[in-house]
Amino acid sequence: MGSQLLKIMVAVKPVVDPYVSAQIRLKPDLSGVDISGLKIAMNPFDEIAVQAVKDLASDGYVAKSVAVSIGGEQAEEMLRVALAMGIDEAIHVETDEEDLQPLTIAKLLKVVIDDTDTNVMLMGKQAIDNDCNQVGQMLSALLGWSQGTFVSAIKPDMVRDELNIVREVDTGLENLSVRLPAVLTTDLRLNKPSYPTLPQIMSAKSKPMTKVSLAELAVEIKQNYKVIKYNPPPMRAKGEKLSSAAELFAKLKTEAKVI
Amino acid sequence: MSVLVIAQHDNNSLNSVTLSCIKAATEISASVTVLILGYHDLKVIEGLRPYKAVSKIIYADSSSYERFLAENLADQVVALAQDFTHILAPATTFGKNFLPRVAALLDVGQLSEVTAIYNAETFERPIYAGKAYTVVQSLDPIKVMTIRPSAFEPVTEQWSEDEQAVAEDRLAPLETLKKPFENNHSRFESLISSESKLPDLNTAKRVVSVGRGIQGEDNLKMVYRLAEQLNAAVGASRAAVDAGYIGNDHQVGQTGKVVAPELYIAIGISGAVQHLAGMSDSKVIVAINKDPEAPIFEIADYYIVDNLFRVIPELTRAIEKNS
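Residues numbered from 1 in each chain as written. Chains lettered and ligands numbered in written order. Predicted model: local features only at pLDDT ≥ 70, side-chain atom pairs only at ≥ 80, totals over all residues. Heavy atoms only, no water.

Chemist: Got a minute to help me understand the overall build of chain A in this structure?
Modeler: Across its full length, chain A carries six helices and 15 strands. Principal axes of the C-alpha set define a box for chain A whose edges measure 70 × 40 × 40 Å. For chain A, the proportion of its 259 residues judged to be buried stands at 55%. Long-range contacts, defined as pairs at least 24 residues apart, comprise 71% of the intrachain contacts of chain A with a sequence gap of at least 6. Looking at chain A, you have 29 positive and 34 negative side-chain charges, and the mean spots of the two groups are 6 Å apart. (Helix = DSSP H or I, 4+ residues; strand = E, 2+ residues; numbered from the N terminus. Buried < 20%, exposed > 50% of the residue type's maximum accessible area, 1.4 Å probe, protein only. Contact = heavy atoms within 4.5 Å. Lys, Arg positive; Asp, Glu negative; His and termini not counted. Charge placed at Lys NZ, Arg CZ, Asp CG, Glu CD.)

Given below as structure tokens:
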């Protein structure tokens, strides 16, 4: 029977801060994307996932919360932020490997989860760097857990061991019940993350952070694809400034011929 | 080479994003099988059969697939996967929901939002909200990918009724699946859809989109009047959705819908990178904003720096008068 409290793990990824992402450029030789010197922040969808844990905890649903991140120093920084936002403890999978692809990330997270009593895995629906939108779904399939993507509301049903969720879909809002254990990916309207206060940041320093090396997880690091080229986005010619609706109508009708 | 396309539909009619996926499939191989999973979906099957580009249709008519739950769809696709070199679904919330599961269960990667096909193993896809496009070579035995519908013209060629009368075997042969996949993980409860007589945003030829500049839900009426005059879908920036002016299903951008209509009219939208990612491939872009520094003007073909509350009614009247 039901009434198990939630033991949540939340995955966080460092990305270029969305407020400076307009400055991202292709390298002049088209060999990659130049993000050097740009501020790094927690992927905004993951931030929503962390806030969701905090909200569920303040409603009394959470027994324990753990944040996990895979990467170098930036991953550790994101874990510190998650701890300051209210997560209980952190697992840092340490690696300098730069091109870990979604399937490999999902496999690594599965091994991390297998070693815990987690019954809900939360993460953003996509990371705003590679825009893949895959890891949550892949992880759910690999674990054989329930899946809820693009989630904009979560209501636990502790009697039935289910989560009642609302999903943002192309046709509107879909309401599903998903049985625990489950993987959920978070969408924009789930909450508005609040930034940690200084005392929270200070107290987070004493929260436990477990370090795990990539090798310890014994997952084959595999490339499913390789990037052979980077192309700039198509350029658009400079537009024409018009002074009135009448002029716009005429242009659309006779020049652009779209109305 | 043999491609499987998973059809998007509502059990009643085929969504034309499927026809865009079929177009992408024909650029890989002449052998294109379409999988239709649904419930009481006979009309969808009949609607697809006349398309010349379809070599075969596999379908299921089962309550297990009525609500397109990811777990069920993925298991069914995996059960069929070994006959195919490529598995394609539209990069919509339908396709994005189950296709990564398919890839993981097949132990292969997935390529998201493919915008061009170079050859059977090399594809183009955007990263960083379209600030760059990567050309990637898949190293997997089965290529699993979501197709950005706006990047591929839907296939249109159908066998005429006369041609069908001469040789009925021209129509794609049908194969039916008898044993549906069920799961005990997820249960559908309800769907709240915004009812509209206007075209579907994903596939509309014209889109009228609003941003925070519209200042309130009440002012949307003006925008809907313009959309009706143009037979356009109504889109929105994230700011307008977050402010509660309009529903999430209208959002255009990096994390919303990606559209490329013939005409895109951006009203009171400043043009954040995240929004541009969802519409910058539109053929003709019009921007109306009172802020002369609005970044949307950088990509607009025509723009007016003025109060939208004056321009929009005037434009609507001009169209009314001339139609």
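Here the narrative resumes, following the displayed structure.
Chemist: How should the sheet that holds strand S14 (residues 225-231) of chain A be read in this particular structure?
Modeler: Each strand in a sheet pairs with its neighbour through backbone hydrogen bonds, running either in the same direction (parallel) or in the opposite one (antiparallel). With antiparallel pairing, the four strands of this open sheet are ordered in space as S14(A)-S8(B)-S7(B)-S6(B). Of all the strands in the sheet, the pair left with one neighbour each is S14 of chain A together with strand S6 (116-119) of chain B. The sheet shows a mean angle of 35° between the axes of neighbouring strands, direction not considered. Here S14(A) pairs with strand S8 (residues 132-138) of chain B via six bridges, running antiparallel. (Pairing = 2+ DSSP bridges. Axes fitted to C-alpha atoms, helices over the stretch in contact; angles between N-to-C directions.)

Chemist: Would you explain the packing of aromatic side chains in this entry?
Modeler: How two aromatic rings sit relative to each other is given by the distance of their centres and the angle of their planes. All names here are of chain B. Applying the stated criterion across every chain, the model contains three aromatic pairs over all chains. Look at Phe68 and Phe94: their rings are 5.9 Å apart centre to centre, the planes differ by 85°, and that puts the pair in the edge-to-face class. Residue Phe68 is found in the loop between strand S3 (56-61) and helix H3 (70-80), and its partner Phe94 is found in helix H4 (residues 93-105); the two are separated by 26 residues along the sequence. This pair shows no difference in class: Phe68 is buried, exactly as Phe94 is. By way of ring pairs, the aromatic residues Phe68, Phe94 and Phe98 are connected into one cluster. (Phe/Tyr/Trp six-rings, centres within 6.5 Å; stacked < 30°, edge-to-face > 60°.)

Chemist: Please explain the packing of helix H3 (residues 102-114) of chain A against helix H4 (residues 135-143) of chain A as it appears in this structure.
Modeler: Residue and element names in this part refer to chain A. Where H3 meets H4, the closest approach of the two axes is 9 Å, and the angle between their N-to-C directions is 50°. Comparing their axes, H4 and H3 come out oblique. Considering how the two elements wind past one another, H3 and H4 form a crossing that is right-handed. Side by side, H3 and H4 meet where Pro102, Leu103, Ile105, Ala106, Lys107, Leu109, Lys110, Ile113 and Asp114 of the first sit next to Val135, Met138, Leu139, Leu142 and Leu143 of the second. In terms of residue class, the contact of H3 with H4 is made up of eleven nonpolar, no polar and three charged. (Parallel < 35°, antiparallel > 145°, perpendicular 65-115°, else oblique. Left-handed = near helix turned anticlockwise from the far one by under 90°. Nonpolar A, V, L, I, M, F, W, Y, C, P; charged D, E, K, R; others polar.)

Chemist: Teacher, can you tell me more about the nonpolar core here?
Modeler: For soluble globular proteins, the rule of thumb is that nonpolar side chains tend to be buried together. Ranked by internal contacts, the top residues of the largest apolar core, which has 56 residues, are Leu109(A), Met121(A), Ile6(B), Ile87(B) and Phe98(B). No other element matches the seven residues that H3(A) contributes to this core. Setting aside chain neighbours within four positions, we find Leu109(A) in contact with Ala11(A), Val68(A), Ile70(A), Met121(A), Met123(A), Val135(A) and Leu139(A). Core analysis: the second largest hydrophobic core is formed by 43 residues, Ala49(A), Val53(A), Met85(A) and Ala204(A) among them. (Core = buried A, V, L, I, M, F, W, Y, C linked by side-chain atoms within 4.5 Å.)

Chemist: Sorry if this is basic, but what is going on with the interface of chain A and chain B here?
Modeler: At the junction of the two partners, chain A supplies 81 residues and chain B supplies 87 residues. In this assembly, chain A packs against chain B so that about 7100 Å² is buried in total across both faces, 52% of it on carbon and sulfur atoms. Between the two partners, chain A and chain B, sit four salt bridges. Put simply, Arg236(A) and Asp301(B) hold a salt bridge, and the shortest N to O gap is 2.8 Å. The interface formed by chain A and chain B includes 54 residue pairs in polar contact (both at pLDDT 80 or more). Here the residues of the side of chain A that touches chain B are counted per class, giving 37 nonpolar, 21 polar and 23 charged. (Buried area = accessible area lost by both parts, 1.4 Å probe. Salt bridge = Lys/Arg side-chain N within 4 Å of Asp/Glu carboxyl O. Polar contact = N/O pair within 3.5 Å; in protein donor to acceptor, adjacent residues only side chain to side chain.)

Chemist: It is not clear to me how the confidence of the model for chain B should be interpreted in this structure. Could you clarify?
Modeler: Where the model shows low pLDDT, its predicted coordinates should not be examined in detail. Per-residue pLDDT for chain B has a mean of 95; in total, 100% of the residues score no lower than 70. Predicted complex, confidence summary: ipTM 0.95, pTM 0.95. (pLDDT = per-residue confidence, 0-100.)

Chemist: Help me understand a nonpolar patch on the surface in this model?
Modeler: All names here are of chain A. A cluster of nonpolar residues, Leu198, Ile201 and Met202, forms a patch on the protein surface that exposes about 300 Å² of accessible area. As for its position among the elements, Met202 is in helix H5 (residues 198-204). Residue Met202 is classed as partly exposed on the basis of its relative accessible area, which comes to 48%. (Patch = residues over 30% accessible without salt bridge, like charges linked within 9 Å, V, L, I, M, F, W, Y side chains within 5 Å. Areas by Shrake-Rupley, 256 points an atom, 1.4 Å probe, with all protein chains shown as cover.)

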